[in-house]
Amino acid sequence: MKHYQLGEFEEVVMLTVGVLYNEAYGVSIKKEIESRLSRSVSVGALQTALIRLEDKGYLKSREGEATEERAGRPKKYFEITALGARVLDHVRSTREELWNSIPKVALKLIMTN
Amino acid sequence: MTTPAPPKLPLRFFRWYCHPKLRDSIEGDLMELYAERRVKSAKWKADLQFAWDVILLFRKGIIKPTEGYQNLNNYGMLKSYFKIGWRNILKTKGYSLINIGGLALGMAAVMLIILYVKDELAYDSFHQKAPEIYRVVTDWKRPDGSVQHQDGITGYYQGPKFKESIPEIVTAVRWMGNNRTLRINNEVSDISVYNADENFFTLFTFPFVAGNPAEALKDPNSLVITEAKALLYFNSTDVLGKTLDLKADSTFVPYKITGVVKTLPANSSIKFDFVSRLTISPQDYANSENWFNFFLTTFVELHPAASRSTVEAKMAKVYESDAAAAIKEMEEKYNVTEKAVFSLQPLKDIHLSKTYTASSGLFDASDPMYGYMLSGIAFFILLIACINFVNLSIANSLRRSKEIGVRKVVGGNKFTLAIQFLSESFVICFFAFVAAVFLVQLSLPLFNTLAQKSISILSLFDGRMLLAYAGLFVATGLFAGFYPSLVLSGFNPVKTLYGRFRFSGKQYTLRALVVLQFALASFLIMATLTIYSQFNFLTTKDLGYDDKNLVVVNKSNLTRDQFSIFQQMLAGHSGIIGIAPKNGGEWNTVAKVSGEKMIKFQYNIVDESYLPLLKIPVVRGRNFSSDFTADGPSSVLVNEAFVKQAGWDDPIGQKVNFWYRNAEYTVVGVVKNHNYNALNYEIQPQLFTKKPDENFGCALIKLSGQDTQASLALIEKTFKSAFPDYAYTYEFVSENNRRHYEQEARWNKIVMSAAAITIFISCIGLLGLAALAAERRNKEIGVRKVLGASAFSITKGLSVGFLQMVILSFVIAVPAAAMVSSQWLKGYAYRVEFSVWTVVITVMVTTSIALITVCSQGIRAALANPVKSLRSE
């Protein structure tokens, strides 16, 4: 199986893009992550992640409308590509596999500790 | 709701570093966040957060790459620049031709100078040991420390004595030239044989065709000859062991050929056809005056690690201790108080040295001045060609103003437009460069004769030269294209597209450049005229004696008896008017007059026939006379310069004291001053004696001028029968005198060609400008004609402006030329003055050429049918 590279933050960003579906652009992604995961995200970190994901072909972008509060600058909307979806699926299934392989006892012990 | 403006500085910073593709969307995010934060929190807080975000965005992936982010697009654009440039060249063929032709001439001139300078600087560097070889040079210092005289001549002692006691000196080689008589098949001829120490060919790199360099000069009677001479005498270079007969005293001695040297490189200061071993008899070597006899060249090889100044200090010590007795003796005997200070001159510096020139067996001494002058001239020519380019591009830009406007409207900025015009100038420069290479090839033979060089075409293509030419190409492209690209890219698009674009202002730069061009051209014309008139003056000036039809025949040790036999043999022939003897070469000596006063003068041994034959008048007293029984060995004649320097009121009967030979002579007559030397020098004191115990060295023969060939043949026949062992050579004194001024003749040609080229380039530039001006004023001329203006007044209107510039150029050129010319003329004791006529002729020539150029365009415009120009639009 091919090796997909996806960092933790990248995974979060991709999932958020998926969550927001047609409304995923810089500020909305940032806000969504901040509210759902209660962690602060800098514009720099987010943009770098988005560019990297786009370069890898997991995300694609399109220019959107310009609103007044953006002083006429266009929004850049992101959506998940087919490859991106497959990567997410792959990540999820490997996680699940791992989860399923953990003996129930071990998990219980850890939980109670 | 209005958008709150985020802090400017971080925003500007962000816009500067951000990749343009990302800039807008990220900036939008930042703005949106900022607007939101402004609603929620205080302005300073929002500002700070904005700045913080900008700083956090400053990371890889977002910063634009330094190498440019549009590589592919740029390439396409550049391609289009060159395409448009090419189309423009084709569209304006005439101007392109002027530009390319002018620049090619200028570049070719600079290339030739680069070749010249390279050749000059590379002199003598072909020797493998060149960096370690030095020549021992001498400064003669007076007791007060001032320098009396400096030259590169030394004697027998310096080489061996310095080598003996200074360990840093690896080898010392002495080198001197000698005139010898060579006999081959009973034919005698005079040749120059150089005498060198045994290790000459191991120190200097002169490759051998045959023989062993290390052994070649081992035997005293060995001879090394050049390839050319071997072929001449033996028709083969395989001549080792064969002999050549050289005269020693009165007999011929066979010399064995031990080496054949490949043809010498042209850029060698050491030149020879024959080299034999330097042999000095022990008696000669023991002479204590050897420290004061200077007549040869000494080279030393220093150890690579040795310091020159240390060796020089050691040389001074050796001299002081070894020559102490000789110094004392010289002072007592000859009253010589000057002392020699020896130093070392690197071999490679000899060629261009002005202080210690290449003399005494060395050749091709050159003045770095020539290099500077040639470089200056070449630079002038290139400058003028570049000015043409600048002027024509700017004048021609009106035609392209619409193109520039459109380019600006679709987003071309000043910089990209400047790049476009620069690349066009490079296209033109490239063609000029190619043409220049061909021009150099064509003109190299002519240049070689003018500059007295033998530069081969091949040296054009050596690696460093190519680099230099690439540099020249880039420099010219930038130099010519920079200003036009700046001006053209600055056009206002609205104005150009609206069709009302005119050059604002009075185009001072354009005019100033034309003025400069013509100033340079007329400067060179004036220089040519000055050199020409000085040359003319030098070659036609009355020298004070008659050198017409005067032949000099050399014969060393010509005794009085031999001379009278020779005289009698020639007597009675109608073609020969007279004959007089003289010493060979030029002798200089010193004597005391009026007690202790020392005078330096030229010492001439003649007889009573000399002065009448050369028509030199005796102004006071009398000439030598065969009738005067009193005319003993003690009677002498002196020239006026001698009398003046001696300070005599009544020269007749005064005594000249040759104290060192215990002789005192009496002046019996004063000879009128005459220029026996080149006119660069003042007439120095001369003394004439007919002392019977000294031999003559040549005979001067005056021909009638009719049937000169027969007379010369007769002299040759007579000479050969009288002196069968001596080589016969003759020379016309007038030709010899003319040869003093070869330099001037050469420079006259060089500057004249330069002047012709500059005036030509300036004029084609002017032609282009005038044509463009006429075209620009097309409609105006049409209207004027319709209203009844004459062709003359229209031509005048078009030409006056240009002529003003040409005339203004004289204001600059005349003082500059006057200054430089009089400086140059100061080098001559006898000279013309920088004359008004030079200026008048230059003004007339330049103005009329410019007038013809400009008027030709003016008339064409004036004669055109006004209907044509007015019909359009």
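Reference entry: report on the structure contained in this document. (Residues numbered from 1 in each chain as written. Chains lettered and ligands numbered in written order. Predicted model: local features only at pLDDT ≥ 70, side-chain atom pairs only at ≥ 80, totals over all residues.)

**A short note on the overall build of chain B**
For step 1, the next point in the chain: Counting its secondary structure elements, chain B contains 26 helices and 22 strands.
For step 2, the next point in the chain: When burial is assessed residue by residue, chain B has 37% of its 873 residues classed as buried.
For step 3, the next point in the chain: Put simply, of all contacts in chain B between residues at least 6 apart along the chain, 81% involve residues at least 24 apart. (Helix = DSSP H or I, 4+ residues; strand = E, 2+ residues; numbered from the N terminus. Buried ≥ 20, exposed ≤ 12 C-beta atoms within 10 Å, placed from the backbone. Contact = placed C-beta atoms within 7 Å.)

**A closer look at the overall build of chain A**
For step 1, the next point in the chain: The number of helices and strands found in chain A is five helices and two strands.
For step 2, the next point in the chain: For chain A, the N- to C-terminal ordering of α and β elements is α-α-α-β-β-α-α.
For step 3, the next point in the chain: Of the contacts formed within chain A by residues at least 6 apart in sequence, a portion of 46% connects residues at least 24 apart.

**Some remarks on the interface of chain B and chain A**
Where interface size is quoted, it is often the accessible area lost as the parts come together.
For step 1, the next point in the chain: In this assembly, 19 residues from chain B lie in contact with 18 residues from chain A.
For step 2, the next point in the chain: Residue assignment for the side of chain B that touches chain A shows that the elements contributing at least two residues are α2 (20–40) and α3 (43–57) of chain B.
For step 3, the next point in the chain: Along the lines of polarity and charge, the residues of the side of chain B that touches chain A split into nine nonpolar, four polar and six charged. (Nonpolar A, V, L, I, M, F, W, Y, C, P; charged D, E, K, R; others polar.)

**Observations regarding the nonpolar core**
All names here are of chain B.
For step 1, the next point in the chain: With 97 residues, the main nonpolar core has Leu103, Met107, Met111, Leu112 and Ile381 as its most contacted residues.
For step 2, the next point in the chain: Residues contacting Leu112, with those up to four places away along its chain left out, are Ala378, Val440, Ser443 and Phe447.
For step 3, the next point in the chain: In this structure, Ile270, Trp291, Val311 and Tyr356 belong to the second largest nonpolar core, which totals 54 residues. (Core = buried A, V, L, I, M, F, W, Y, C linked by C-beta atoms within 7 Å.)

**With respect to the environment of Phe299(B)**
For step 1, the next point in the chain: Locating Phe299(B) in the fold gives a position in strand β10 (residues 297–302).
For step 2, the next point in the chain: The buried category is assigned to Phe299(B), around which 26 C-beta atoms lie within 10 Å.

**Considering the sheet that holds strand β22 (residues 730–732) of chain B**
Within a beta sheet, neighbouring strands are joined by backbone hydrogen bonds and run either parallel or antiparallel to one another.
Residue and element names in this part refer to chain B.
For step 1, the next point in the chain: Pairing is antiparallel in the open sheet, where four strands are placed in the order β13-β21-β12-β22. Of all the strands in the sheet, the pair left with one neighbour each is β13 (576–582) and β22. Each strand axis lies, on average, 25° off the axis of its neighbour in the sheet, ignoring direction.
For step 2, the next point in the chain: Pairing of β13 with strand β21 (residues 696–703), which is carried by six bridges, proceeds in the antiparallel orientation. Bridge assignment links Gly578 to a residue of β21, and that residue is Lys702.
For step 3, the next point in the chain: Set on the sheet, helix α17 (residues 560–570) makes contact with β12 (550–558), β13 and β21; between it and β13 the angle comes to about 170°. (Pairing = 2+ DSSP bridges. Axes fitted to C-alpha atoms, helices over the stretch in contact; angles between N-to-C directions.)

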